[in-house]
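Now for the letters of each chain:
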Amino acid sequence: DWVMWRHGMDFKTAVGFLTGVSVNSVTKTAVQQRAPAPAQPERTEPDDQWRAKADGIVAETQHALFNADPDGAEYLERRGLEPGTWQAFGWGFGPGWYSLTKQLLPAIVIPWYRGGRIMAIRYRFLNPPAVVVEGKERVEKIVSLSGSKFGGILYGGQAMQPGAEQTRTLVLCEGEINAASIWQVAHETRLDVLSVGSESTRLTDAMIAHAAKYKHVIVWMDRREIAAKMREQLPAGTVAVSSPLRKDDQGNVLTGPDGKPQKWDANDLLRIGKLGAFLAGVRGKACGDDGAKREGLLWDLVDA
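Residues numbered from 1 in each chain as written. Predicted model: local features only at pLDDT ≥ 70, side-chain atom pairs only at ≥ 80, totals over all residues. Heavy atoms only, no water.

Visitor: Before we go on, may I ask you to explain the packing of aromatic side chains in this structure?
Guide: To describe a pair of aromatic rings, you give the distance between the ring centres and the angle between the ring planes. Here the structure, examined in full by the defined rule, presents eight aromatic pairs. With centroids separated by 5.8 Å and ring planes inclined at 20 degrees, the aromatic side chains of Phe 89 and Tyr 155 adopt a geometry described as stacked. Highlighted residues: Phe 89 in helix H6 (residues 83-89) and Tyr 155 in the loop between strand E6 (142-144) and strand E7 (169-173), separated in sequence by 66 residues. The pair formed by Phe 89 and Tyr 155 is uniform in burial state, with each residue classed as buried. Three or more aromatic residues joined by ring pairs make a cluster, and in this case those are Phe 89, Trp 91, Trp 112, Phe 150, Tyr 155 and Trp 183. The residue whose ring lies beneath Arg 122 is Phe 150, and the NZ or CZ to ring-centre distance is 4.5 Å. (Phe/Tyr/Trp six-rings, centres within 6.5 Å; stacked < 30°, edge-to-face > 60°. Helix = DSSP H or I, 4+ residues; strand = E, 2+ residues; numbered from the N terminus. Buried < 20%, exposed > 50% of the residue type's maximum accessible area, 1.4 Å probe, protein only. Lys NZ or Arg CZ within 6 Å of the ring centre and 35° of its normal.)

The structure is reproduced here in structure tokens:
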């Protein structure tokens, strides 16, 4: 089928092209009866050659972000993110391949790690252009370096200091920028944050076991139903919250061009100075009516 599509051949011509034999008496049914070759399992770990390439990209783009090109720094500063946060997560700035226009565009370079070893790189474009594809306008905000492996990984471990999880709160969110925003505001208040990447990510047994070590677990997703579904997989007492709705001064919910309600994600709240208060409120909810836990939370905030 692929050869037929690629070379514009009919079925018998394609079979002859592949086998080098006469196909006048061959039928498609007979050919399809041959057992297909067993599929090779997908590699779940990048190989050493890919890792060497990825580490080189990260080192080069980190230098560009901090020393060479002001565009990346200006973009992150507009989003309320500080240089200490860029450094903690190992971000860089460099060109990413924008497939809609087939060109390299400036992007924030976001490495993913597991156990201190690089697993993936994402490029978050600064100003991705809209392109009409098959009558529909499309924008690609994020792409990944070919060969990246995201399976079974939570983002943000490189910024965490392991230990004493039983005294700390874990926030699971979606998106690297949101994770970095939460870390910037709250990591000194005994709070750790990891990103699931997207709402479609499936939690593994290892992820659930790690979350079970924490005093409190908070799941913050954009959609309430996704947060509630993820909470079902996590320890009892896990609190699920969704991004708050945007409202005008009269309390009316704002909607976007598509008519759907607009929401404040973690980075939005960071930029308007309300992220710390939102997190403190959610953590208070996680304490319930337990006076000792509420007092502990108060001291964590005061100490920070």
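Visitor: Teacher, can you tell me more about the side chain of Thr 238 here?
Guide: Looking at where Thr 238 falls in the secondary structure, it is placed in the loop between helix H9 (224-231) and strand E10 (239-242). Here Pro 235 takes part through its backbone oxygen, which lies 2.7 Å from a polar atom of the side chain of Thr 238. Other than its neighbours up to four places away in sequence, Thr 238 contacts Val 217, Val 219 and Arg 231. (Polar contact = N/O pair within 3.5 Å; in protein donor to acceptor, adjacent residues only side chain to side chain. Contact = heavy atoms within 4.5 Å.)

Visitor: Which parts of the structure should I look at to understand the pattern of salt bridges?
Guide: Pairs can form between side chains of opposite charge whenever their charged atoms are close. For the structure shown, the criterion picks out nine salt bridges. Arg 246 serves as the salt-bridge partner of Asp 268, at 3.0 Å between the closest nitrogen and oxygen. Here Asp 268, found in helix H10 (residues 266-271), pairs with Arg 246, found in the loop between E10 and H10; they are 22 residues apart in sequence, far enough to count as distant. Residues Arg 271 and Asp 268 are paired through a salt bridge, measuring 3.0 Å at the closest nitrogen-oxygen approach. Here Asp 268 and Arg 271 lie together in helix H10, a separation of three residues that amounts to about one turn. For Arg 271, a relative accessible area of 43% translates into the label partly exposed. Among the charged side chains, a network of salt bridges with common partners joins Glu 45, Arg 51 and Arg 114. (Salt bridge = Lys/Arg side-chain N within 4 Å of Asp/Glu carboxyl O.)

Visitor: Can you walk me through the sheet that holds strand E2 (residues 103-114) in this structure?
Guide: By way of backbone hydrogen bonds, the strands of a sheet pair with one another, either parallel or antiparallel. Taken in spatial order, the four strands of this open sheet run E1-E2-E3-E6, and their pairing is antiparallel. Two strands in the sheet have a free side with no partner beyond their single neighbour: strand E1 (92-98) and E6. Taken over all neighbouring pairs, the strand axes of this sheet differ in orientation by 45 degrees on average, direction set aside. One ladder, built from three bridges, connects strand E3 (residues 117-125) with E6; its direction is antiparallel. Paired with Tyr 123 across the two strands is Val 143, which belongs to E6. Seen against the sheet, helix H4 (residues 48-68) touches E1, E2 and E3 and runs at an angle of roughly 50 degrees to E3. On top of the sheet, helix H5 (residues 70-78) reaches E1, E2 and E3; it is set at about 65 degrees to E2, its chief contact. (Pairing = 2+ DSSP bridges. Axes fitted to C-alpha atoms, helices over the stretch in contact; angles between N-to-C directions.)

Visitor: Help me understand the pairing of E2 in this model?
Guide: Here E1 runs beside E2; their pairing, made up of seven bridges, is antiparallel. If you follow Phe 93 over to E2, its bridge partner there is Ile 108. Hairpin connection, E1 to E2: the antiparallel pair is bridged by four residues, and Lys 102 has positive phi, about 55 degrees. Here E2 pairs with E3 via eight bridges, running antiparallel. Residue pairing in the sheet places Arg 114 in a bridge with Arg 117 of E3. Linking two consecutive strands that pair antiparallel, namely E2 and E3, is a turn of two residues; a positive phi of about 60 degrees is found at Gly 115 within it.

Visitor: Looking at this structure, I do not really get the layout of surface pockets. What am I missing?
Guide: A water-sized probe, rolled over the atoms, reveals where empty space remains. Considering only enclosed or pocket space, the largest pocket measures out at about 1000 Å³ in volume. Along the wall of the largest pocket there are 30 residues; nearest its centre are Arg 79, Arg 124, Lys 141, Asn 178 and Asp 265. Of all the secondary structure elements, the ones that give two or more residues to the lining of the largest pocket are H5, E3, helix H7 (176-186), strand E9 (216-221) and H10. No other element matches the four residues that H10 contributes to the lining of the largest pocket. Class assignment for the residues of the lining of the largest pocket results in eight nonpolar, seven polar and 15 charged. Approximately 450 Å³ is the volume attributed to the second largest pocket. Around the second largest pocket, the lining comprises 18 residues; the ones closest to its centre are Arg 114, Gly 115, Leu 154, Gly 157 and Leu 194. Counting residues per element, the ones that place at least two in the lining of the second largest pocket are E2 and helix H8 (205-211). (1 Å grid on protein atoms, 1.4 Å probe; cavity = no way out; pocket = protein on both sides within 12 Å on 5 of 7 lines; lining within 4 Å. Points joined across faces, edges and corners; volume = space filled by probe spheres on them. Nonpolar A, V, L, I, M, F, W, Y, C, P; charged D, E, K, R; others polar.)

Visitor: Help me out: how do you make sense of the packing of helix H11 (residues 275-287) against helix H12 (residues 291-303) in this one?
Guide: If you want to describe how two helices pack, look at the angle between their axes and the distance between the axes. Between H11 and H12, the least distance of the axes is 9 Å, while the angle of their chain directions is 155 degrees. Comparing the axis directions of H11 and H12 gives the class roughly antiparallel. You can see that H11 and H12 cross each other, and the crossing is right-handed. Touching Ala 280, Arg 283, Gly 284 and Cys 287 of H11 are Lys 293, Arg 294, Leu 297, Asp 300 and Leu 301, all from H12. When its residues are assigned to classes, the contact of H11 with H12 shows four nonpolar, one polar and four charged. (Parallel < 35°, antiparallel > 145°, perpendicular 65-115°, else oblique. Left-handed = near helix turned anticlockwise from the far one by under 90°.)

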